[in-house]
Amino acid sequence: ERERMRKELQDARQRVGGDMSKEDHGSDEEDGADLGKDRTTCLLIGNHSAGKSSFVNWYVGEKVQVESVAMETAGFCLIRKGGKRARWKGRQTSSAFPWLRRAARMEGVMDFLSTEIVTSTRFDMRRIEFIDTPGMVDGSVRYPYDVDGVVEELAGHCSVILVFLDPIGKALVSRCMRVVEMLSRKHSSKMLFVLSKIDTMKDQHDRTNVVAQIAQELQFRVKASHAMKIHPIYIPSKSKAETGSLPNQIDEIVDILRRACDMRAQDVMENLHDDCKSMLARTVAELEAHQVCVRKNRIANLWWVLMSCVNLLLLSLALYWFALNHSSLDPLLVCDDQHGRTIEWTYADNTIEEERLPARKNFYCMAFKAAGGIPFAILLLLGTALSIVLSLRKTRKQQTMSPSDVVKLRKNRKNLEQVTIKNIEELRKKYVRHTLEEEE
Ligand SMILES: Nc1nc2c(ncn2[C@@H]2O[C@H](COP(=O)(O)OP(=O)(O)OP(=O)(O)O)[C@@H](O)[C@H]2O)c(=O)[nH]1
Ligand SMILES: [Mg+2]
């Protein structure tokens, strides 16, 4: 039961992104600063040159990722706000973010994993983090690791998956579509489709055609329960020509990401609250079960004293029986004065006097006489058997927790009741205050 509780606690922590138990970390080298999962994660996937890195750079407001028409992004890069600008390699990244460790452990991935710490506070950079991924291409380009596998693994930890589809003939790269299809099986509600670089397609008719074609392909691949929308966007600074009336939904994407951050914050608080409540309920149940066992054990102790007395009595009776039989005396003769033993006194003048020994007046003899010889022996035997059965049943002890475990559990309960649940309430109020009062 305790093991199950520990597992549940671990799952709960994973859900809210806290640290996991050491067993899950795998090795000591990963014992670094554990930053937990404190941000809303947005995974960017799509074709090569679809504008993923450019979008991140635009959002952050700094040139974090290299962007060019060549295949630039070869690995997975986490971009998040920190205290100062820094770049972390794979090992440091995996050490700092437990939720990335499974992906980092996949063959060949470590060297292609990195983190860019930026200082930007643009848009929701305080609450969001991006994962830029290598662009997908058809043909002979091979990565030294399983890109699709890593994408699948990371998708499970993300709140939003931005799928970049660019219109210049590559939108329907079949590799990308395969990954989209695979992700949509589990994560269709997180997926957001972006038709990027639409400034490169000035003709309204072309745009409509491309959107229709992509929508048709997606409809076929993605089994989404909700209506699928494709957001046409372009990075304003990238457009060389006059964009005029071009529809750009990039602000809508920013808004969707903001909403995802809000949802996640509320979900985390909700989950935290629910998990605390269920942990508290389980802790209380465990302590109550322990108390019941302690009470049962006390009764078992009383039974032990009682049965010890009974067993002692039966044992002494049996011993007495044995002693009498062993000395070849008929027990009835010893106990009963009617048949009491007679001793003969021979005097010097050869006169013989008989003396009858007095009857034994003890409990044994009384019981013995009352029940008769053989029935008494049978009763003794049955009594002994009953006493053994009773002793075995009634003196059985329940397993209880060790005193240190009880102390720990009580401390946990107190902590949950008086600290954690109150903290969550406080966090909720703080969140509401921030939302209502602050501009950003
Ligand atoms: N005109 C225009 N060009 C863009 C836009 N976004 C990106 N680009 C250009 O497209 C090229 C590829 O952009 P990247 O951001 O590197 O694309 P990517 O998806 O990260 O590519 P990989 O890392 O290779 O997968 C770069 O030359 C960008 O300048 C846009 O909205 N409009
Ligand atoms: Mg890139």
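Reading the values: rules and limits
Residues numbered from 1 in each chain as written. Chains lettered and ligands numbered in written order. Predicted model: local features only at pLDDT ≥ 70, side-chain atom pairs only at ≥ 80, totals over all residues. Heavy atoms only, no water. Core = buried A, V, L, I, M, F, W, Y, C linked by side-chain atoms within 4.5 Å. Buried < 20%, exposed > 50% of the residue type's maximum accessible area, 1.4 Å probe, protein only. Helix = DSSP H or I, 4+ residues; strand = E, 2+ residues; numbered from the N terminus. Contact = heavy atoms within 4.5 Å. Near = heavy atom within 4 Å. Polar contact = N/O pair within 3.5 Å; in protein donor to acceptor, adjacent residues only side chain to side chain. Areas by Shrake-Rupley, 256 points an atom, 1.4 Å probe, with all protein chains shown as cover. Nonpolar A, V, L, I, M, F, W, Y, C, P; charged D, E, K, R; others polar. Expected span 1.5 Å × (residues − 1). Pairing = 2+ DSSP bridges. Axes fitted to C-alpha atoms, helices over the stretch in contact; angles between N-to-C directions. Parallel < 35°, antiparallel > 145°, perpendicular 65-115°, else oblique. Left-handed = near helix turned anticlockwise from the far one by under 90°.

Participant: Now, about the nonpolar core: what can you tell me, with residues and values included?
Facilitator: The nonpolar side chains of a soluble globular protein tend to be buried with one another. In this structure, Leu 43, Ile 45, Phe 76, Leu 183, Phe 193 and Leu 218 are the most contacted members of the largest nonpolar core, which totals 44 residues. When residues of this core are traced back to their parent elements, those giving at least two are strand S1 (40-46), strand S2 (76-81), helix H5 (101-105), helix H6 (147-155), strand S6 (160-165), helix H7 (174-187), strand S7 (191-195) and helix H8 (204-221). Of all the elements, H7 adds the most residues to this core, at six residues. Each residue touching Phe 76, except ones within four places of it in the same chain, is listed here: Phe 112, Leu 113, Ser 114, Ile 131, Asp 132, Thr 133, Pro 134, Tyr 145, Val 147, Val 150, Val 151 and Leu 154. Tyr 59, Ile 79, Val 118 and Val 254 belong to the second-largest nonpolar core, a separate cluster that totals 29 residues.

Participant: Account for the site of ligand 1, with residues named and values stated.
Facilitator: In the vicinity of ligand 1, 22 residues are found, and the nearest of them are Lys 52, Ser 54, Thr 73, Asp 199 and Ile 235. Within the contact set of ligand 1, an oxygen atom lies 3.0 Å away from a backbone nitrogen or oxygen of Gly 51. Protein chains bury 90% of the 650 Å² of accessible surface belonging to ligand 1 in isolation. Here the residues of the shell around ligand 1 sort into six nonpolar, 10 polar and six charged.

Participant: So, H7: which residues are in play, and what are the values?
Facilitator: An α-helical turn contains 3.6 residues, so any two residues separated by three or four positions project in the same direction. Helix length check: H7, at 14 residues, gives a terminal C-alpha distance of 19 Å against a target of 20 Å (1.5 Å per residue), a fit within 8%. Listing the buried residues of H7 in full gives Arg 175, Cys 176, Met 177, Val 179, Val 180, Met 182, Leu 183, Ser 184 and His 187.

Participant: Any chance you could break down the sheet that holds S6 for me, citing the residues and the numbers?
Facilitator: On the basis of which strands lie adjacent, the open sheet formed by eight strands has the order S3-S4-S2-S5-S1-S6-S7-S8 and mixed pairing. On the outer flanks of this sheet lie strand S3 (86-88) and strand S8 (230-232), each paired with one strand and no other. Direction aside, neighbouring strands of the sheet carry axes that sit 25° apart on average. Judged from the five bridges that link them, S1 and strand S5 (residues 128-132) form a sheet pairing that is parallel. Considered in S5, the bridge of Thr 40 is made with Ile 128. Taken strand by strand, helix H3 (residues 52-60) contacts S1, S2, strand S4 (113-118), S5 and S6, and its axis lies near 155° from that of S5.

Participant: Just give me the short version of the pairing of S5, but keep the residues and values in it.
Facilitator: Counting buried residues in S5 gives five out of five residues, a clear majority hidden from the surface. Note that S2 and S5 share four bridges and pair antiparallel. Residue pairing for S5: Ile 79 is matched across the bridge by Phe 130.

Participant: Report on unusual backbone geometry, specifying residues and quantitative values.
Facilitator: Trans peptide bonds make up most of the peptide bonds, and negative phi angles are found at most residues other than glycine. Residues other than glycine seldom take positive phi values, yet Phe 123 does so here, at roughly 45°. Residue position: Phe 123 is located in the loop between S4 and S5. Here the phi dihedral of Asn 350 falls at roughly 65°; this positive angle occurs in a residue that is not glycine. Tracing the sequence through the fold places Asn 350 in the loop between strand S9 (342-346) and strand S10 (352-356). For Asn 350, a relative accessible area of 60% corresponds to the exposed category.

Participant: How would you explain the packing of H7 against H8 if you had to name every residue and give the values?
Facilitator: One can describe the packing of H7 onto H8 by two numbers: an axis separation of 9 Å at closest approach and a directional angle of 45°. Accordingly, the angle class assigned to the pair H7 and H8 is oblique. In this structure, the crossing between H7 and H8 has a hand that is right-handed. Residues Met 177, Arg 178, Val 180, Glu 181 and Ser 184 of H7 lie in contact with H8, whose contacting residues are Glu 217, Leu 218 and Arg 221. Classifying every residue of the contact of H7 with H8 by side-chain character gives three nonpolar, one polar and four charged.

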